[in-house]
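# Inside the fold
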Amino acid sequence: MTALRAHRLVACLALAGIAACSGGEAGDAAGAPAGDARGQGATLRAVRARGAVKCGITQGAGFATADDSGRWRGFDVDFCRALAVAIFDDSSKVQLVPYTQQQRFAGLQSGDVDLLVNGSSMTSSRALERSFHFGPVYFYDGQGFLAPKSSKVARAAQLDGATVCVQQGTTTELNLADFARRNGITFKPVVMEDLRGAVDALAGGRCDAISQDGAGLATTRTMLRNPNEYVILPDRISKEPIAPVLRFGDDQWLEVVNWVFRAPVAAEEFGISRATVASAAQSSDPSVRRFLGLEPGITDGFGLNARWTYNVIAAVGNYGEIFERNLGPKTPLGMERGLNKLWTEGGLMYSPPFR
Amino acid sequence: MRARWNARVLGQALALGIVAAALWWLGRNTRTNLEQRGLSLGFDFLANPANFDIGDTGGLPFRSENSFARAILVGLVNTARVAAAGCVLSIVVGFVLGVLRLSHNRALRGVVRSAVELMRNTPLLLLLLFLAATLHAMPSPRNALQPLPGVFLSDRGLALPLFDRPHLVGFNFVGGMVLSPEFAALLGALVMHHAAHVSEIVRGAILGVPRAQIDAAVALGLSRGKAFRFVVIPQALRAMVPLLATACVSLTKNSSLAVAIGFPDVVSVLNTTANQTGHSIETMLIMIGVYLTLSLVVAAFMNRYNARLLRTGT
């Protein structure tokens, strides 16, 4: 077995970057050992055997950054921690694997991580052609532009003929080309491998604008030396529903991820926060009691602790708290909730019922 | 005798068998894994519209509704023009530097030596990023430098009058021929790095010509310059050409660092293609094919030149 794995590793190295490298294949399917990340129920088994959730992330202010003490923080990281809490009741039992936009899907396909929580948009081609599952949308975004105020550009359509820096390996390049065709204008894209390169090119004047998802633009603006000299244009030229990405073939894992990602939204709907979750557990409201795992048969499937929802809210808080802590107006990113408000407040965040 | 021959054939057959088995196993493993994920191999996607734009097309017309195949061709042309220009320039510059390093002027020798050491020992990527940043610090198109009438130098590159005069429309120069800053930075970095290597090859080859040859030439009444040109260089060329071929091949391969500064070379376009379509294996195979072909073409050219050199030399 070990020898076989070693061989496979060599083959993977030979085909570096190719999606064909995997933890297991047809040969091991019979035994489906605990370390194997494939097939029905295999992911959760592997996670438990490993003692940690392996989460693919992409570094970015507010979403996933390491703080002074080396601890990862951010919006995406909090959702990874929520998973760790649900499975292990311990928010530290995550292994975060940073990927570039380029490497992320190969990393997931190869079984390197259990899921991606890194700002990937849900699209039909990724699901239907490339065989990925998407969990619930936990962030609604759209592609926009960041331009220097000195260029006096107010709307994206005024950027005709402009040089636009984009990061490679995203849907950004496609949206940009589509937008140009729709509006009968042209762009000169400069495609950078990493964000830093694109930011430097904008700061140096090589590009007239950067195009990215709205969240990315807020992050990028903080990376510039004089953020106040740049403006995020109001146009959104695409829909970017951000959702966790999983491999095909493990429905159980998909459902675990689905419901863990919904729990913070449901908590906000109930008005339960980190501070009030203990008192909410004393509530006589049957829907709150069901949500917090105080009634049997609601949250205790797949060998999860029935109180996992309680533990998740106590550890990371509700959706609003996660948003405000990492992205909200009090952070350097200063983002408004916008579409990410609860549906009852005019946004799109809506949790199916826990019952 | 016969037994040894048999053993050799057996050994070769065994080696071939092992390679074939490894390839078969790799292929089967890949196919099984792809099937498990519901993925299929094939190059049909190349005909689909690319749906992305390319900033620097090297003069080839390209629109986002063109096919992936055409996008890859544009990338290939970009790689080829950087490689061709880089090869020629680095050999010329390297040759001059190599000869200068053997100059009798001590100061000149010192200056050239430090320049060569600096270029040779700086990582290529660093050199590339440094040049790209420098070119980005050029004035904006509105304040473009105009060293010659119709020639504009700005952070959008070098606009040259070709067929028509470049002029500023909105954000960028339109018309004429525009060399993008990414192209210039990539070419510059490749030439600096490889010219330093070439200069060492040239110096080594010249020093390799026996001292007696020069003495003999001088004894025959040739001036030092003539002795160098007609006696030393022809002999040194034979020693350096195979090494120059290697330098050219490695320059061609190093041009793939273009991705780091946003030049749309064939690797950059193939990366985007892989990302949009998910056909990583196919794009990887294309990439291998492209670089193998380019390297073989460069090597073939140099070998032909080398063969001619050897023929006329005898």
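Since the structure is predicted, the reported quantities are computational estimates derived from the model, not experimental observations. (Residues numbered from 1 in each chain as written. Chains lettered and ligands numbered in written order. Predicted model: local features only at pLDDT ≥ 70, side-chain atom pairs only at ≥ 80, totals over all residues. Heavy atoms only, no water.)

For the rest of this paragraph, the subject is the overall build of chain B. Scanning chain B from N- to C-terminus turns up 9 helices and 6 strands. By the compact-globule yardstick of 20 Å for 314 residues, chain B is too spread out, its C-alpha radius of gyration being 25 Å. Sequence-distant contacts, at least 24 apart, represent 59% of the contacts inside chain B between residues at least 6 apart. Surface accessibility of chain B: about 16,600 Å² in total, with carbon and sulfur atoms responsible for 67%. On chain B, the mean spot of the 27 positive side-chain charges and the mean spot of the 13 negative ones are 17 Å from each other. (Helix = DSSP H or I, 4+ residues; strand = E, 2+ residues; numbered from the N terminus. Rg over C-alpha atoms; globule rule 2.2 N^0.38 Å. Contact = heavy atoms within 4.5 Å. Areas by Shrake-Rupley, 256 points an atom, 1.4 Å probe, with all protein chains shown as cover. Lys, Arg positive; Asp, Glu negative; His and termini not counted. Charge placed at Lys NZ, Arg CZ, Asp CG, Glu CD.)

All right, on to the sheet that holds strand E6 (residues 177-179) of chain B then. Residue and element names in this part refer to chain B. Reading across the sheet, the 4 strands line up as E1-E2-E3-E6 and stay open at both edges, with antiparallel pairing between neighbours. Only two strands of the sheet have a single neighbouring strand rather than two, namely strand E1 (145-148) and E6. Sheet twist, expressed as the average angle between the axes of neighbouring strands with direction ignored, equals 20°. (Pairing = 2+ DSSP bridges. Axes fitted to C-alpha atoms, helices over the stretch in contact; angles between N-to-C directions.)

The next point concerns helix H5 (residues 181-208) of chain B. Taking 1.5 Å per residue as the helical rise, H5(B) with its 28 residues ought to reach 40 Å, and the 40 Å between its terminal C-alpha atoms agrees with that figure. With respect to burial, H5(B) is a largely interior element, 20 of its 28 residues being buried. (Expected span 1.5 Å × (residues − 1). Buried < 20%, exposed > 50% of the residue type's maximum accessible area, 1.4 Å probe, protein only.)

On to a nonpolar patch on the surface. A grouping of B:Val88, B:Leu89, B:Val92, B:Val93 and B:Val96 is seen on the molecular surface, where their side chains present a nonpolar patch of about 380 Å² in accessible area. The topology assignment puts B:Val92 in helix H2 (residues 68-100). (Patch = residues over 30% accessible without salt bridge, like charges linked within 9 Å, V, L, I, M, F, W, Y side chains within 5 Å. Salt bridge = Lys/Arg side-chain N within 4 Å of Asp/Glu carboxyl O.)

Residue and element names in this part refer to chain A. Taken as a whole and assessed by the stated rule, the structure comprises 26 aromatic pairs over all chains. Ring centres 5.0 Å apart and planes at 85° place the aromatic pair Trp 259 and Phe 354 in the edge-to-face group. Taken together, the positions of Trp 259 in helix H9 (residues 251-270) and Phe 354 in the segment after helix H13 (319-326) put the pair 95 residues apart, joining distant regions of the chain. Classification of Phe 354 as buried rests on a relative accessible area of 9%. Here a set of aromatic residues connected by ring pairs shows up, and it is made of Phe 63, Phe 75, Phe 79, Tyr 138, Phe 139, Phe 261, Tyr 319 and Phe 323. When the ring centre of Trp 259 is taken as reference, the NZ or CZ atom of Arg 262 above it lies at 4.6 Å. Directly above the ring of Phe 323 sits Arg 337, whose terminal nitrogen or CZ lies 5.6 Å from the centroid. (Phe/Tyr/Trp six-rings, centres within 6.5 Å; stacked < 30°, edge-to-face > 60°. Lys NZ or Arg CZ within 6 Å of the ring centre and 35° of its normal.)

Before going further, it helps to spend a moment on the sheet that holds strand E10 (residues 188-192) of chain A. Residues and elements named next belong to chain A. Strands sit in the order E10-E9-E11-E8-E12 across an open sheet of 5 strands; the sheet is mixed. Each edge of the sheet is formed by a strand with only one pairing partner; in this case those strands are E10 and strand E12 (230-232). For this sheet the average axis-to-axis angle between neighbouring strands, irrespective of direction, equals 30°. Across 2 bridges, strand E9 (residues 163-167) lies against strand E11 (residues 209-213) in parallel orientation. Within the sheet, the bridge partner assigned to Cys 165 lies in E11 and is Ile 210. Relative to the sheet, helix H7 (residues 195-204) contacts strand E8 (143-148), E9, E10, E11 and E12, its axis offset from that of E11 by approximately 145°.

Take the nonpolar core next. A:Phe75, A:Leu83, A:Leu115, A:Phe139 and A:Trp253 are the most contacted members of the largest nonpolar core, which totals 60 residues. Among all residues touching A:Phe75, those that are not within four sequence positions of it are A:Gly62, A:Phe63, A:Tyr138, A:Phe139, A:Tyr319, A:Ile322, A:Phe323, A:Asn326 and A:Leu327. Core analysis: the second largest hydrophobic core is formed by 21 residues, B:Leu46, B:Ala71, B:Val267 and B:Tyr291 among them. (Core = buried A, V, L, I, M, F, W, Y, C linked by side-chain atoms within 4.5 Å.)

A few words now on unusual backbone geometry. Residues and elements named next belong to chain A. At Ser 131, a position not held by glycine, the phi torsion is positive, near 60°. Within the secondary structure layout, Ser 131 lies in the loop between helix H5 (124-128) and strand E6 (132-134). Look at Ser 131 and you get buried, because its relative accessible area is 6%. The phi torsion at Phe 302 lies on the positive side, around 55°, for a residue other than glycine. The topology assignment puts Phe 302 in the loop between helix H11 (286-291) and helix H12 (308-316). A relative accessible area of 41% places Phe 302 in the partly exposed class.

Let's shift gears to helix H8 (residues 214-223) of chain A. Among the 10 residues in H8(A), 7 count as buried, and that is most of the element. Lining the buried residues of H8(A) we find strand E7 (139-141), E8, H7, E11 and E12 of chain A.

Below, the discussion takes up the pairing of strand E3 (residues 157-160) of chain B. Residues and elements named next belong to chain B. Looking at chain direction, strand E2 (residues 151-154) and E3 are connected through 3 bridges and run antiparallel. By the bridge assignment for E3, Ser 154 is matched with Gly 157. As defined by bridge partners, E3 adjoins E6 across 3 bridges and the pair is classed as antiparallel. Directly across from Leu 160, in E6, lies its bridge partner Met 177.

Averaged over every residue, the pLDDT of chain A is 86; the share at 70 or more is 89%. Under a pLDDT of 50 for its full length, residues 1-37 of chain A has, in the predicted model, 61 contacts with residues more than four places off or in other chains. (pLDDT = per-residue confidence, 0-100.)

A few words now on the state of the cysteines. Under the definition given, this model contains 3 disulfides over all chains. Two residues share a disulfide in this structure: A:Cys55 and A:Cys80, whose sulfurs sit 2.0 Å from each other. Here A:Cys55 and A:Cys80 share a disulfide; its torsion about the S-S bond, -70°, makes the bridge left-handed. Of this pair, A:Cys55 sits in strand E1 (residues 53-57) while A:Cys80 sits in helix H3 (residues 75-88), and the two are 25 residues apart along the sequence. A:Cys80 shares its class with A:Cys55; the two are buried. Note on cysteine connectivity: B:Cys87 is disulfide-linked to B:Cys248, with sulfurs 2.1 Å apart. Of this pair, B:Cys87 sits in helix H2 while B:Cys248 sits in helix H7 (residues 224-254), and the two are 161 residues apart along the sequence. A single burial state applies to B:Cys87 and to B:Cys248, both of which are buried. Each bonded cysteine of chain A is numbered by sequence order, and under that numbering the disulfide pairs are 1-2, 3-4. (Disulfide = S-S within 2.5 Å.)

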